[in-house]
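Report on the structure
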Amino acid sequence: MKKYKYIFFDLDHTLWDFEKNSTLVLKDLFEEHQISSTGENISLEAFLEEYEKVNHQLWALYNKDEISKEDLRDSRFTTVIRNLGGNPDLISANLGEVYLEKSPHMPHVFPNTFETLEALKSQYPLYIITNGFEEVQHIKMEASKLAPYFEAVFTSEKAGYKKPHKGIFNFAMETIEAQPEECIMIGDNFDTDIAGAKKAQIDHIFFNPTRKKHGKKIQHEVHDLIQILDIL
């Protein structure tokens, strides 16, 4: 008899390859909006590296409710340019909106995503639990061809709680009429996916494709999504 009845997945960085998709869009924006001209020696490499760092910092603040969705969206590029010594007044005021319009349409997912989902879908109903913005998650799902594998997408905006708050997990479980012991969460982020699952008393699998070292206490860890099938 199967231990679990329902599987929850994170979306960004777990199935949808955020780094790859975002980098492709950022490269286009760098050229189209002449970002190198906003300051001396602002190279594409420096821009990409600084964006990744700033975006990670801002998302951490957003997940803790320390900044708003609008703050995150509007300050990413100005902060990057300023940190690189450029003049943020020289970039388009709507660059953040342009990025959000383009990036969700990128289709790239992690290796073995579809092979894993195909095998799991024949045995379990699958769901997404994400802190990502409500208006772009379904675009990502359609563009990447992930949508047919999932019964529903639970966003923090819809639930009224962000991971790691147990409220978003409870919202999902109440919606599908599930109990914590019947569920398992799969995600890449200790601070949101894994910590949130623990708070909601849900089992978890940590997805660690880069094999980053850590001293965290976890139940299961995989480096390739296909390894999930050995656990479930």
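Data block above holds the structure.
The paragraphs below set out a description of the structure included in this document.

Thresholds applied
- Residues numbered from 1 in each chain as written.
- Predicted model: local features only at pLDDT ≥ 70, side-chain atom pairs only at ≥ 80, totals over all residues.
- Heavy atoms only, no water.
- Helix = DSSP H or I, 4+ residues; strand = E, 2+ residues; numbered from the N terminus.
- Rg over C-alpha atoms; globule rule 2.2 N^0.38 Å.
- Buried < 20%, exposed > 50% of the residue type's maximum accessible area, 1.4 Å probe, protein only.
- Contact = heavy atoms within 4.5 Å.
- Areas by Shrake-Rupley, 256 points an atom, 1.4 Å probe, with all protein chains shown as cover.
- Phe/Tyr/Trp six-rings, centres within 6.5 Å; stacked < 30°, edge-to-face > 60°.
- Axes fitted to C-alpha atoms, helices over the stretch in contact; angles between N-to-C directions.
- Parallel < 35°, antiparallel > 145°, perpendicular 65-115°, else oblique.
- Left-handed = near helix turned anticlockwise from the far one by under 90°.
- Nonpolar A, V, L, I, M, F, W, Y, C, P; charged D, E, K, R; others polar.
- Lys, Arg positive; Asp, Glu negative; His and termini not counted.
- Salt bridge = Lys/Arg side-chain N within 4 Å of Asp/Glu carboxyl O.
- Polar contact = N/O pair within 3.5 Å; in protein donor to acceptor, adjacent residues only side chain to side chain.

Take the overall build of the protein next. Helices and strands together make up the secondary structure of the protein, namely 10 helices and six strands. For a compact globule of 232 residues, the expected C-alpha radius of gyration is about 17 Å, and the protein comes in at 18 Å, within 12% of that figure. Along the longest, intermediate and shortest principal axes, the C-alpha atoms of the protein span 65 × 35 × 35 Å. Sorting the 232 residues of the protein into buried and exposed places 50% on the buried side. Considering only intrachain contacts with a sequence separation of at least 6, the fraction spanning at least 24 residues in the protein is 65%. In the structure as shown, the protein presents an accessible area of about 11,500 Å², 47% of it carried by carbon and sulfur atoms.

The tally for this structure, following the rule as stated, stands at 16 aromatic pairs. Taken together, a centroid distance of 6.4 Å and an interplanar angle of 25 degrees make the contact between F47 and F77 stacked. Of this pair, F47 sits in helix α2 (residues 44–63) while F77 sits in helix α3 (residues 69–83), and the two are 30 residues apart along the sequence. Classification of F47 by relative accessible area gives buried; the value is 0%.

Turning next to the environment of F77. What makes F77 buried here is its relative accessible area of 3%. Separated by 16 residues in sequence, F77 and A93 place their C-alpha atoms 9.5 Å apart. Setting aside residues no more than four positions away along its own chain, F77 makes contact with L26, L29, F47, Y51, I91, L95, G96 and Y99.

Remark: α3 packs on helix α4 (residues 95–102), axes separated minimally by 8 Å, with the N-to-C direction vectors making an angle of 110 degrees. The pairing of α3 with α4 is recorded here as roughly perpendicular in orientation. Regarding α3 and α4, the two cross each other, and that crossing is right-handed. Only L95, G96, E97, Y99 and L100 of α4 make contact with α3, whose side of the interface consists of R73, R76 and F77. In terms of residue class, the contact of α3 with α4 is made up of four nonpolar, one polar and three charged.

Checked against the element boundaries, D188 lands in the loop between β4 (183–187) and α9 (190–199). As a buried residue without a salt bridge, D188 has its nearest oppositely charged side chain in K212, at a separation of 5.5 Å. Side chain to side chain, D188 and T14 meet in a polar contact 3.1 Å long. Not counting residues up to four positions away in its chain, the partners in contact with D188 are D10, D12, H13, T14, D193, F206, F207 and K212.

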